[in-house]
Amino acid sequence: MKTDTDLIRRTRAGKARQGIEEAPFVRWLLIGVSLLFVLAFLLLPLVNVFAQAFSKGVLPYWKALVDPDTVSAIKLTLLVAAISVPLNTLFGVAAAWAIAKFNFRGKALLNSLLDLPFSVSPVVAGLMFVILFGLQGFFGAWLDEHNLRIIFAVPGIVIATVFITFPFVARELVPVMQAAGSDQEQAALTLGANGWQTFWHVTLPSAKWGLLYGVILCNARAMGEFGAVSVVSGHITGQTDTMPLRVEKLYQEYNATAAFTVASLLALLALLTLGIKTYLEWKQEREYARAQRVPSGLRT
Amino acid sequence: MGYTLFYLSAIVLIPIAALFLRVLEKVTWEDFWRLATTARALAAYKLTFGASFVAALVNAVFGTILAWVLVRYRFPCKRLIDALVDFPFALPTAVAGLTLANLFAGNGWLGRYLVPLGIQGAFTPLGVAIALTFVGMPFVVRSLQPVLEGMEREVEEAAATLGAGRFRTFCGIIAPTLLPTILTGFAQAFARAVGEYGSVIFIAGNKPFESEIAPLLIVIRLEEYDYAGAMALAVVLLVISFALLITINLLERWASHFQH
């Protein structure tokens, strides 16, 4: 009688363990499927970029790299990123500050407007700026009179990039700033700090990792944007070709090795971005853990 | 605050308003209808939405498995794979299209084995779906991970003690909790895929009526100086993106109800 209930209890316990864990067979099947998916869709494309770039050896790689048109594309890409990233960083901080720390009417609307550039097709974004600044556009005639060129020139590329990368910094900062709350700011204000001091010494330091993360994502997208830039650039070799556009042009000229050479630089940028991102996450985790420990240390 | 609003309207709102204004000013309603529904445009919409749907569906299935594995199990290289999931966000789309086209072409690493089997990945509508799957991959995984981490295992334990098998627990308890989040990720991947341009044009072959997506048709109209045609297509895509944005917001709200 007693052994019977024990047996029943044991089978029940076994069943319960089965109930919250999958059978090893299912577990390894799921892991296998995931690894295969990641291998085919993520790792293989990445390795392929470098394999193709170096397929003819190091010398052709180097030759493709120092091609004057490629060099000018690299310079233009760096210039565009150097202008658009700081602009959007400034905006992102202001917008995130407004959304996270204050209450005002239309806040929900502002919050969803921030996401708008994410959902607009890059090609449509490019077209909008052609309509504004192109010869047929609203300001076209006026710009032409004053001999200013925006479309098919560098300013157009910068504006299109700013539009596309607009949400990144704000998107990363809002949750970080919201999580920090506004208690510390209020404490600083009561201690006599003015608005700016509070912002510089309290708000910004507490959100610095989120800010840095947003900036590198913004930078990666700014350097890699293709669709919107392609519409407004005019594709003038050596003048308005950014690195992604240069990749396309070389590919269309059936110069695959050179196309992959430029692509390998962009892939390197992507890897660097992921590396910094992973490092920042790790750093944030550690800082959080330390912050959790300190109070108990003080108490003892 | 004032700066935020000024910058927002200068960079985002005015250009969008300009597009709609121009269309109202230059294109009559009949013309708009004719331009937005030419046979070529209809073929392009069909491909864009069909391929985006397939890509988002593939991502919903594999993304769910991947998120589950990353949260629940321990296995080698887990951190590396977790970091790699964001790769499609970080990689410029032109590079993605270039390398995928090369992989699936007849002499590529994957095409070498797939093409003899009759699977033409490059320069076909299938290629469009492949590229769109790549660019939309992180959405489902990234929206699902925090939900899975925050899920209380006690509920699963309770179900198990009450005699439910693992499969039944999954169908009855886990799946309904995750479904709104999976749908959110699906909608995000779909929205991204509909507007995608860079990666697709490398791999699609871009034949009219066959492998030409709607954003590419806008670019072609623009190159023909057919501004009315380009704007009509752009308005259609823009209205659809707005609708998707609203859908995603509603889905997110629904999903957050489930978590609290």
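The rules we used
- Residues numbered from 1 in each chain as written.
- Chains lettered and ligands numbered in written order.
- Predicted model: local features only at pLDDT ≥ 70, side-chain atom pairs only at ≥ 80, totals over all residues.
- Helix = DSSP H or I, 4+ residues; strand = E, 2+ residues; numbered from the N terminus.
- Rg over C-alpha atoms; globule rule 2.2 N^0.38 Å.
- Buried ≥ 20, exposed ≤ 12 C-beta atoms within 10 Å, placed from the backbone.
- Contact = placed C-beta atoms within 7 Å.
- Axes fitted to C-alpha atoms, helices over the stretch in contact; angles between N-to-C directions.
- Parallel < 35°, antiparallel > 145°, perpendicular 65-115°, else oblique.
- Nonpolar A, V, L, I, M, F, W, Y, C, P; charged D, E, K, R; others polar.
- Domains from an automatic or database assignment.

1. Notes on the overall build of chain A
Within chain A, the regular secondary structure consists of 16 helices and zero strands. For 300 residues, the compact-globule estimate of 2.2 N^0.38 gives 19 Å, and the C-alpha radius of gyration of chain A, at 26 Å, exceeds that figure by more than 25%. Overall, chain A is about 100 × 65 × 35 Å in size when its C-alpha atoms are taken along their principal axes. Classification of the 300 residues of chain A by burial places 41% in the buried group. For chain A, long-range pairs separated by at least 24 residues make up 75% of all intrachain contacts whose partners lie at least 6 apart in sequence.

2. Some thoughts on the interface of chain B and chain A
By a frequent convention, interface size equals the accessible area lost on bringing the separate parts together. Across the contact, 68 residues belong to chain B and 67 residues belong to chain A. Here the side of chain B that touches chain A takes eleven residues from helix H1 (residues 2–26) of chain B, the largest share from any one element.

3. Brief notes about unusual backbone geometry
Although it is not a glycine, Phe 152 of chain A sits at a positive phi angle of roughly 60 degrees. For Phe 152 of chain A, the location among the structural elements is in the loop between helix H8 (140–145) and helix H9 (154–165). Phe 152 of chain A gets classed as partly exposed once you count the C-beta atoms within 10 Å, which come to 18. One non-glycine residue, Phe 123 of chain B, lies in the positive phi region at around 65 degrees.

4. Notes on the packing of helix H7 (residues 122–133) of chain A against helix H12 (residues 214–223) of chain B
Axis separation between H7 of chain A and H12 of chain B bottoms out at 9 Å; the angle between their running directions is 25 degrees. Viewed along their axes, H7 of chain A and H12 of chain B adopt a mutual orientation that is roughly parallel. Residues Val 123, Val 124, Leu 127 and Val 130 of chain A of H7 of chain A lie in contact with H12 of chain B, whose contacting residues are Pro 215, Ile 218, Val 219 and Leu 222 of chain B. In terms of residue class, the contact of H7 of chain A with H12 of chain B is made up of eight nonpolar, no polar and no charged.

5. A few points about the environment of Val 236 of chain B
When you line up the elements, Val 236 of chain B lands in helix H13 (residues 227–259). C-alpha separation for the pair Val 236 of chain B and Ala 214 of chain B, spaced 22 residues apart in sequence, amounts to 9.8 Å.

6. Some thoughts on H12 of chain B
Within H12 of chain B, seven of the ten residues are buried, leaving the element largely enclosed by the surrounding structure. Tyr 225 of chain B sits one or two positions beyond H12 of chain B and adopts a positive phi of about 60 degrees.

7. Let's talk about the domain arrangement of chain A
Split into domains, chain A comes out as domain 1 (2–48) and domain 2 (56–299). Inter-centroid distance (C-alpha atoms) of domain 1 of chain A to domain 2 of chain A is 41 Å.

8. Points about the environment of Gly 106 of chain B
Residues and elements named next belong to chain B. Among the structural elements, Gly 106 can be located in the loop between helix H6 (93–104) and helix H7 (111–114). Gly 106 sits in the partly exposed class, given 13 other C-beta atoms within 10 Å. When sequence neighbours within four positions are dropped, the list of residues in contact with Gly 106 reads Gly 111 and Val 115.

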